Amino acid sequence: MSCRSGFVFSEDFTNYRFRDDHPFNQMRVVLAKELLEASGALEEGDYIAPRYATEDELALSHSRTYIEAVKKAGAGLLTEEAGMEFGIGTEDTPMFDGMHEASSLLVGSTLSAIDAVMEGTYDHVLNLGGGLHHGFKRKASGFCIYNDGAVGIQYIREKYDCKVLYVDTDAHHGDGVQWAFYDDPNVCTISIHETGRYLFPGTGNVNERGLKEGYGYSFNFPIDAFTEDESFLSVYETALKEIMEYFQPDVIVTQNGADAHHLDPLTHLCSTMKIYEQIPKVAHELAHQYCDGKWIALGGGGYDIWRVVPRAWAQLWKVMVDDTPFQGELPNSWLEKWQPQAPVSLPFHWHDPDGSYQAIPRKNEITEKNEKVLEKALQLIYNQKKFNNSV
């Protein structure tokens, strides 16, 4: 399968930077992009230049008061006390110079991706600078100032009048996007994440199913800590296939956080690079089956920026282009350039070696718990199928 795919990128993505020791570091996008170039999978004609989102576009999902507060913060004009009302100036989202402009570019890059797909220029577009799924209407949260996914989906709804399926495989619950469309029957959200018992933001329970007309269009799969590849993929593949058939979307938007890997320092899941091949393969197949190929993929979390994120996101692009993941060794030119700057030893292969983490003694128990979560979360669909078959 060979598809028309576009890659949104700007060196200015790295302007979204809180401080040198902050875990959110957009240098990972540069590392992924250069890994793709070194592998011969990204060419000049693949690039899409992003734009800045306008204030009217930001207001599709954020209050004007909040936008003004972000602008003031980035100009050094917002007091620490005033910032706390908006979640700005916290440990997670410190103020930094030019934060409104840097954040607006990330939102605009997602809007550029959306227009390129919805206007038929490309089948699929990848924007690794996006995926900031924790931002709220009037509050920053979890490293996220503006929520490009929520703005982008509302943009699709208003400009193109399409039904949108949002699929979030970040280890953290996609709370900001879920709550933005919790009562909207034309936006279905799926989040597969580590249970909130142990991890920020603490939400994403199975019983969060939507409100009013949006009831039945919010799906959460809070998998257990130390979940491994097989169980993660079983939940993901079953959930996505069932919900695609149930919802019948016009376009799919995926958030592709790379923090479910066992090396990620902020989470407790135990996946390997295997899931980062299979996650996009299933999304790719279903985008063609249900959405005439319309697929916008975003970045997201991922805090081992040297060993994990570049490989995971490079695989996402490779699958998006030709449905065939990379195999074998990483390119020497990339390793030679970046190893002197990396604080850890870079991997030599696309795949993780067997035994790369300690065996999980609770594997069977974890798998069984995740199967129960899957069944409970999909019970609404299963009940609907039984009803339809009985009529």
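Right above here is the structure, for reference.
To keep things clear, this report deals only with the structure shown in the data block. (Residues numbered from 1 in each chain as written. Predicted model: local features only at pLDDT ≥ 70, side-chain atom pairs only at ≥ 80, totals over all residues. Heavy atoms only, no water.)

What follows is about the packing of aromatic side chains. Inspection of every chain in the model, using the stated rule, returns 21 aromatic pairs. Ring geometry for phenylalanine 18 and phenylalanine 24: centres 6.5 Å apart, planes at 75 degrees, overall edge-to-face. Here the two residues phenylalanine 18 and phenylalanine 24 agree in accessibility, since each one is buried. Aromatic pair phenylalanine 326 and tryptophan 350: ring centres 4.2 Å apart, planes at 10 degrees, arrangement stacked. In this pair, phenylalanine 326 is assigned in the loop between helix H10 (309-322) and helix H11 (332-338) and tryptophan 350 in the loop between H11 and helix H12 (363-377), connecting sequence segments 24 residues apart. No difference in accessibility class separates phenylalanine 326 from tryptophan 350, as the two residues are buried. Through a chain of ring-to-ring contacts, three or more aromatic side chains come together here, namely Tyr16, Phe18, Phe24, Phe96, Phe143 and Tyr303. Taking NZ or CZ as reference, arginine 28 lies 4.5 Å from the ring centre of phenylalanine 24, over its face. (Phe/Tyr/Trp six-rings, centres within 6.5 Å; stacked < 30°, edge-to-face > 60°. Buried < 20%, exposed > 50% of the residue type's maximum accessible area, 1.4 Å probe, protein only. Helix = DSSP H or I, 4+ residues; strand = E, 2+ residues; numbered from the N terminus. Lys NZ or Arg CZ within 6 Å of the ring centre and 35° of its normal.)

If you trace the backbone, leucine 380 turns up in helix H13 (residues 379-390). The spacing of leucine 380 and isoleucine 366 is 14 residues in sequence and 23 Å in space, taken between C-alpha atoms. Setting aside anything within four residues of it in sequence, one finds leucine 380 in contact with Arg209, Tyr215, Gly216 and Tyr246. (Contact = heavy atoms within 4.5 Å.)

It is worth spelling out the sheet that holds strand E1 (residues 5-8) at this point. Read from one edge of the open sheet, eight strands run E2-E1-E3-E8-E7-E4-E5-E6, paired in parallel fashion. The strands lining the two open edges of the sheet, one partner per strand, are strand E2 (47-48) and strand E6 (218-223). Where strand E4 (residues 164-168) lies against strand E7 (residues 251-255), five bridges are found, and the strand directions are parallel. In the sheet register, aspartate 168 faces E7, and the bridge partner there is glutamine 255. Against the sheet, helix H5 (residues 99-118) makes contact with E1, E2, strand E3 (124-127), E7 and strand E8 (295-298), and its axis sits at roughly 170 degrees relative to E3, the strand it touches most. (Pairing = 2+ DSSP bridges. Axes fitted to C-alpha atoms, helices over the stretch in contact; angles between N-to-C directions.)

We now examine empty space enclosed by the protein. Inspection of every chain in the model, using the stated rule, returns seven cavities of 30 Å³ or more. If you add up the space inside the largest cavity, you get close to 70 Å³. Around the largest cavity, the lining residues are Thr169, Asn256, Gly257, Tyr276, Ile279, Pro280, Ala312, Trp313 and Leu316. Sorting the residues of the lining of the largest cavity by element identifies helix H9 (274-291) and H10 as the ones contributing at least two each. (1 Å grid on protein atoms, 1.4 Å probe; cavity = no way out; pocket = protein on both sides within 12 Å on 5 of 7 lines; lining within 4 Å. Points joined across faces, edges and corners; volume = space filled by probe spheres on them.)

Let's shift gears to the pattern of salt bridges. In this structure the tally under the stated criterion is 24 salt bridges. Note that lysine 71 and glutamate 55 form a salt bridge whose closest N and O atoms lie 2.8 Å from each other. On the criterion of sequence distance, the pair formed by lysine 71 in helix H3 (residues 64-74) and glutamate 55 in helix H2 (residues 55-58) is long-range, its members being 16 residues apart. According to the relative accessible area criterion, lysine 71 is partly exposed, its value standing at 28%. The exposure class assigned to glutamate 55 is partly exposed, which follows from its relative accessible area of 30%. Note that lysine 294 is salt-bridged to aspartate 292, the shortest N-O span being 3.8 Å. Sharing partners across several salt bridges, the network here consists of Arg197, Asp224, Arg362, Glu365 and Lys369. (Salt bridge = Lys/Arg side-chain N within 4 Å of Asp/Glu carboxyl O.)

A few words now on the pairing of E6. Counting buried positions over the six residues of E6 gives six, a clear majority of the element. With burial as the criterion, each face of E6 is covered, one bearing Ser218, Asn220 and Pro222 and the other bearing Phe219, Phe221 and Ile223. Bridging between strand E5 (residues 187-194) and E6 involves six bridges; their strand directions are parallel. Residue threonine 189 lies in a different strand from E6, and its bridge partner there is serine 218.

Turning to the side chain of threonine 267, a few remarks are in order. By the element assignment, threonine 267 lies in the loop between E7 and H9. With relative accessibility at 9%, the residue threonine 267 sits in the buried group. Here the side chain of threonine 267 touches aspartate 259 through a polar contact of 2.6 Å, landing on its backbone oxygen. Ignoring anything within four residues of it in the chain, the contact list for threonine 267 reads Ala171, His172, Glu194, Leu199, Asp259 and His261. (Polar contact = N/O pair within 3.5 Å; in protein donor to acceptor, adjacent residues only side chain to side chain.)

Note that all results are geometric; they support no functional claim without further evidence.
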